[in-house]
Amino acid sequence: MSEAAASHTTDRRELTAAQRNAVAELLRVSPVADELGRRFAAAGHELHLVGGSVRDALLGRLGEDLDFCTDAHPDQTLAVVRGWAEAIWETGREFGTIGCQRDGLRLEITTFRAESYDQVTRNPVVQYGSSLSEDLRRRDFTVNAMAVSLPEHRFTDPYGGLADLAAKVVRTPGTPAESFGDDPLRMLRAARFAAQLRFAVHPDVHAAMSRMAVDLDRITAERIRDEFTKLLTGADPITGLRLLVDTGLAERFLPELTGLKLEIDEHAQHKDVYEHTLTVVRNAISYEQDGPDFVLRMAALMHDIGKPATKSVGTDGRVSFHHHEVVGARLTKARMKALRYPKDITAKVTTLVALHLRFYGYGRGEWTDSAVRRYVTDAGDLLSRLHKLTRSDCTTRNRRKAAQLAADYDALEERIARIAADEDLARVRPDLDGNAIMELLGVPPGPIVGRAWKHLKDLRLEHGPLDRDTAEAELLRWAREEGIVG
């Protein structure tokens, strides 16, 4: 352990446990890592396992992707790994990185860097460094500024990363202003670390994030999107989201979230809609079964963002947000488009936001079988997520009301299952297909077929399955009313 790390006052038992984890993890990959280290040494170069790989080894969670740094330049690295690696890729060569694969491990080897940003452009200016210490200083956080030499296994920790790892704190190697000035995305990454690793952000780091939040505007939407996605799918996204709002970072790329703090919930059950939203996100997480579900979490986060634009106060002083789900869906689509999310992901989240209030008319006994069919059809393959989102949205502290809402939704799910068993609701289609429509009406492919298909689907939703004779009679009746046939 370095003198810098040893000088910290962290509980020695915690450090020892972390070191034991690291030894066990490194032994698992050392046949490949040490062999690679010997090849670099034979060529006169250093090689170090570095950054997130060392951090994850200390946490006992090292994966199959390993990061290394070296004093060798890319051409020299290629000369070392050729003939040894099973595959080589040079997509990161511009940034000094050569990738390769060996025995199921993906290895990325990067030349020591003294990377800097010009404080204006969005991309780094890569300059090769001359030493490990220089390379470690330019890294984002102390827990990522540790290295293990190969094959010797010397541990280097000049900034106390091991102690910070044990204390679960996010701190920068140099001053936070220097680190964030180099790459403002690191502010968002600090919040992501808080969410993923359940770490606390050091007060100096928090203050710099608040002071420099506007600098996030220099970063591309794609980089912000990727960090935010990792934050939202972390183990504790609530902590990360609060940090984004409290520091002003959310205002730079997700202002709708900050805007929720200004709105009072119509049921007066929460201090504000913002707190309600965070509770809904937490509830949604509790319904996940196969790991983090970004679509569900994002829908939970965005489900009420239409409230500020639809707020009204009645003569009795009661606050309402009529059709906020419609406005919210539109705002969600615009925001996710601005963040460059794929269209299919955006469509799923937007649909959930638009449908999240649909259930609330069910408990009054007004739903026919037709309404249930439309609920299932409109949700499509999002029905399971819609169930989870709707249940998550019940955050009332009134136990009687909460129990009634849960019972109502149980009843709806049971009714859906009952109808689905009879009618195969997952694949609701008209009782006549396009070919049958064209043959019966004597029309070619075109808009008329589409209109007829929609009419038959509406009938199917309204009345359930129709036999062939009834479906044909209904189609002909519609066609006559539309003037399509005589």
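Anything mentioned here points back to the structure above.
What you see is a predicted model, and the numbers here were worked out from it, not measured in a lab.

Draft legend 1. Examining the packing of aromatic side chains more closely. Counted under the stated rule, the structure contains three aromatic pairs. Judged by centre distance (5.6 Å) and plane angle (70°), the rings of Phe-228 and Phe-253 are edge-to-face. Separated by 25 residues along the polypeptide, Phe-228 in helix 10 (residues 221-232) and Phe-253 in helix 12 (residues 249-253) bring together distant segments of the chain. Judged by relative accessible area, which is 4%, Phe-253 ranks as buried. Ring centres of Phe-294 and Tyr-341 lie 5.2 Å apart, and the angle between their planes is 20°; on these two criteria the pair is classed as stacked. Placement of Phe-294 in helix 15 (residues 294-302) and of Tyr-341 in the loop between helix 17 (324-338) and helix 18 (343-355) is noted, with a sequence separation of 47 residues between them. Residue Phe-294 is classed as buried on the basis of its relative accessible area of 12%. Of the residues examined, Tyr-341 reaches a relative accessible area of 9% and is grouped as buried.

Draft legend 2. Geometry of unusual backbone geometry. For the bond from Leu-150 to Pro-151, the omega torsion is 5°, close enough to zero to count as cis. Considering the arrangement of structural elements, one finds Pro-151 in the loop between strand 6 (147-149) and strand 7 (155-156). For Lys-168, which is not glycine, the phi torsion reads 55° and is therefore positive. By the secondary structure assignment, Lys-168 is in the loop between helix 6 (161-167) and strand 8 (169-170). Judged by relative accessible area, Lys-168 falls into the partly exposed class, the value being 46%.

Draft legend 3. The pairing of strand 4 (residues 97-102), seen in detail. Summarising burial for strand 4: five of the six residues are buried, a large majority. Taken together, the three bridges between strand 3 (residues 87-89) and strand 4 define a ladder with antiparallel strand orientation. From the neighbouring strand, Trp-89 faces strand 4, where its bridge partner is Gly-99. Counting the residues that bridge the hairpin from strand 4 to strand 5 (residues 105-111) gives two residues, and of these Asp-103 lies at a positive phi of roughly 50°.

Draft legend 4. Highlighting the layout of surface pockets. Empty space within the largest pocket amounts to approximately 1300 Å³. Along its surface, the largest pocket is lined by 40 residues, and Asp-67, Arg-113, Arg-139, Asp-140 and Arg-189 are the ones closest to its centre. Looking at the lining of the largest pocket, the elements with two or more residues in it are helix 3 (52-58), strand 2 (65-70), strand 4, strand 5, helix 8 (185-197) and helix 10. It is helix 8 that provides the largest number of residues to the lining of the largest pocket, a total of five residues. Tallied by class, the residues present in the lining of the largest pocket amount to ten nonpolar, eleven polar and 19 charged.

Draft legend 5. Seen up close, helix 4 (residues 74-81). Burial in helix 4 covers these residues: Pro-74, Thr-77, Leu-78, Val-80 and Val-81. With its buried residues spanning 160° around the axis, helix 4 presents them on a single face. Set apart from the buried face of helix 4 by more than 90 degrees, the exposed residues are Asp-75 and Ala-79. Among the residues trailing helix 4, Gly-83 stands out with phi positive, at a value near 85°.

Draft legend 6. Seen up close, the nonpolar core. The biggest cluster of nonpolar side chains holds 102 residues, and the ones touching the most others in it are Phe-68, Phe-228, Leu-244 and Leu-301. Among the elements that make up this core, the one with the highest residue count is helix 8 (nine residues). Excluding its chain neighbours within four sequence positions, the residues that come into contact with Phe-68 are Ala-33, Leu-36, Leu-47, His-48, Leu-49, Val-50, Leu-107, Glu-108, Ile-109, Thr-110 and Leu-150. By size, the runner-up hydrophobic cluster in this structure holds eleven residues, among which are Met-438, Leu-441, Ala-452 and Ala-479.

Draft legend 7. Local environment of the packing of helix 14 (residues 273-286) against helix 15. The geometry of helix 14 relative to helix 15 is characterised by a closest axis approach of 8 Å and an angle of 160° between their N-to-C directions. Our classification of the angle between helix 14 and helix 15 gives roughly antiparallel. Of the two elements, helix 14 crosses helix 15, and the hand of that crossing is right-handed. For the pair helix 14 and helix 15, the contacting residues are Thr-277, Val-280, Val-281, Ala-284 and Ile-285 in the first and Leu-296, Arg-297, Ala-300 and Leu-301 in the second. Looking at the contact of helix 14 with helix 15 residue by residue, the class counts come to seven nonpolar, one polar and one charged.

Draft legend 8. Main features of the sheet that holds strand 5. Ordered by their spatial adjacency, seven strands build an open sheet running 3-4-5-2-1-6-7, and the pairing between neighbours is mixed. One side of each edge strand has no neighbouring strand; the edge strands of this open sheet are strand 3 and strand 7. In this sheet, strand 5 lies alongside strand 2 in parallel orientation, the contact comprising six bridges. In the sheet register, Asp-67 faces strand 5, and the bridge partner there is Glu-108.

Rules used throughout
- Residues numbered from 1 in each chain as written.
- Predicted model: local features only at pLDDT ≥ 70, side-chain atom pairs only at ≥ 80, totals over all residues.
- Heavy atoms only, no water.
- Phe/Tyr/Trp six-rings, centres within 6.5 Å; stacked < 30°, edge-to-face > 60°.
- Helix = DSSP H or I, 4+ residues; strand = E, 2+ residues; numbered from the N terminus.
- Buried < 20%, exposed > 50% of the residue type's maximum accessible area, 1.4 Å probe, protein only.
- Pairing = 2+ DSSP bridges.
- 1 Å grid on protein atoms, 1.4 Å probe; cavity = no way out; pocket = protein on both sides within 12 Å on 5 of 7 lines; lining within 4 Å.
- Points joined across faces, edges and corners; volume = space filled by probe spheres on them.
- Nonpolar A, V, L, I, M, F, W, Y, C, P; charged D, E, K, R; others polar.
- Arc of directions from axis to C-beta.
- Core = buried A, V, L, I, M, F, W, Y, C linked by side-chain atoms within 4.5 Å.
- Contact = heavy atoms within 4.5 Å.
- Axes fitted to C-alpha atoms, helices over the stretch in contact; angles between N-to-C directions.
- Parallel < 35°, antiparallel > 145°, perpendicular 65-115°, else oblique.
- Left-handed = near helix turned anticlockwise from the far one by under 90°.

Any functional reading would require information that these geometric values do not contain.
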